[in-house]
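Inside the fold
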Amino acid sequence: MNYKKLKRKLKKAVSPYDFQMIKAQYATQYNIRLKEKEDTAGIKKTAELALDILNHVEERIKPGITTNDINTMVEEVTRENNARSAPLDYHGFPKSVCTSVNTVICHGIPDETILKDGDIVNVDVTPVLNGYYADVSKTFFVGTPGKDAQKIVAVARECLRRGVRQAIPGNRIGDIGCAIQRYAEGQGCSVVREYVGHGVGFDFHEPPQVPHFGKKNQGLTLVPGMVFTIEPMINLGKHNLHVLPDHWTVVTDDGSLSAQFEQTILVTDEGFEILTPYD
Ligand code: MF3
Ligand code: CO
Ligand code: CO
């Protein structure tokens, strides 16, 4: 079944037979594991917990706390819910959550850094519950934001919204990146290239990769049963970055602020469902 045929099929609801055909094709061709009803039910439970953890942190963010305090909050709520944190020991990552402050793009390691008034901090949580993964993040203001902080957070949030709207069956992966890049660059900001969204659910990072830049009508066709993240990292200045000697912390080269929002999305027959809904 070629793309054109697939695309025509996806104009209407996919029959159970077509779904099994597409599922087999996506598995062999791309290593993508499409999710059945019972899988999405499990992922949804984890996604609800992920959101609960993030809300718990959001209510407690204020000047004076450390990023380690956030790590402790995440560990407590995760443990209370009989889940575990996917980041802990993931390729050697030392903590249970990523906390990325100001010029840190992603993968910030919680430590004794004290959050101060005017900072922005992205908190990225990925619980695992009954074997199912969900991945969600938000960038929070600490105290009262300045103009630059307000701008980059607003742009990153809108990038996520615009990307998500493209996640409908028959559209292609490039449509998502194109919408995000167009908006970000139109606002004078830039899109990080080296880190991308990803399939999620059975594992932390599954195929496909979901770039936050790109061209319309390019890449894989989106089909019902795909579960992936969209998680644009948007810089106020240039997109160039480097990794600190700790091998994890990713920062902007030009020292400009960076913000990120992430959701876990399910592509459905009719469109998409945000499994970690906020806003
Ligand atoms: N949660 C990140 C993502 O959105 C990945 C973090 S990997 C870690 O894909 F090891 F740093 F936790
Ligand atoms: Co992710
Ligand atoms: Co994440």
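Our subject is the structure listed above.
Everything numeric here is computed off the predicted structure, so don't read it as measured data.

Procedures and definitions
- Residues numbered from 1 in each chain as written.
- Chains lettered and ligands numbered in written order.
- Predicted model: local features only at pLDDT ≥ 70, side-chain atom pairs only at ≥ 80, totals over all residues.
- Pairing = 2+ DSSP bridges.
- Helix = DSSP H or I, 4+ residues; strand = E, 2+ residues; numbered from the N terminus.
- Contact = placed C-beta atoms within 7 Å.
- Axes fitted to C-alpha atoms, helices over the stretch in contact; angles between N-to-C directions.
- Buried ≥ 20, exposed ≤ 12 C-beta atoms within 10 Å, placed from the backbone.
- Expected span 1.5 Å × (residues − 1).
- Arc of directions from axis to C-beta.

1. Some details on the sheet that holds strand S12 (residues 233-235)
- With respect to topology, three strands assemble into an open sheet ordered S8-S12-S15, the strand pairing being antiparallel. Two strands in the sheet have a free side with no partner beyond their single neighbour: strand S8 (190-191) and strand S15 (258-260).
- By the bridge criterion, two bridges tie S8 to S12 in an arrangement that is antiparallel. Directly across from Ser190, in S12, lies its bridge partner Asn235.
- Relative to the sheet, helix H5 (residues 147-165) contacts S12 and S15, its axis offset from that of S15 by approximately 35°.

2. Some thoughts on the pairing of strand S4 (residues 120-125)
- Taking burial as the measure, the six residues of S4 include six buried ones, the bulk of the element.
- Side chains Ile120, Asn122 and Asp124 of S4 all project onto a buried face; the interleaved residues Val121, Val123 and Val125 project onto the opposite face, where all are buried too.
- Pairing geometry for strand S2 (residues 98-101) and S4, over four bridges, is antiparallel. Counted as the bridge partner of Val101 is Val121 from S4.
- Inspection of the sheet shows S4 paired to strand S7 (residues 136-141) by six bridges, in the antiparallel sense.

3. Comments concerning helix H4 (residues 67-80)
- End to end, H4 covers 20 Å across 14 residues, agreeing with the expected 20 Å (1.5 Å per residue, within 8%).
- Burial in H4 covers these residues: Thr67, Ile70, Asn71, Met73, Val74, Val77 and Thr78. Summarising the axial view, the buried residues of H4 lie within an arc of 160°, below the 170-degree limit, and thus occupy one face. Opposite the packed face of H4, turned more than 90 degrees from it, sit the exposed residues Arg79 and Glu80.
- Positioned one or two residues after H4, Asn82 has a phi angle of 55°, which is positive.

4. Thoughts on the pairing of strand S11 (residues 227-230)
- Along S11, one buried face is formed by Val227 and Thr229 and the opposite face, lined by Phe228 and Ile230, is buried too.
- Note that S11 and strand S16 (residues 263-267) share four bridges and pair antiparallel. Within S16, the position partnered with Ile230 by the bridge is Gln263.

5. Considering the sheet that holds strand S1 (residues 84-85)
- Pairing within the open sheet is antiparallel, and its three strands lie in the order S1-S5-S6. Bordering the open sheet on either side are S1 and strand S6 (132-133), each of which pairs with just one other strand.
- With two bridges joining them, strand S5 (residues 127-129) and S6 adopt antiparallel strand pairing. Pairing of Val128 across the sheet is with Tyr133, part of S6.
- Sheet contacts for helix H3 (residues 37-60): S5 and S6; angle to S5, the most-contacted strand, approximately 140°.

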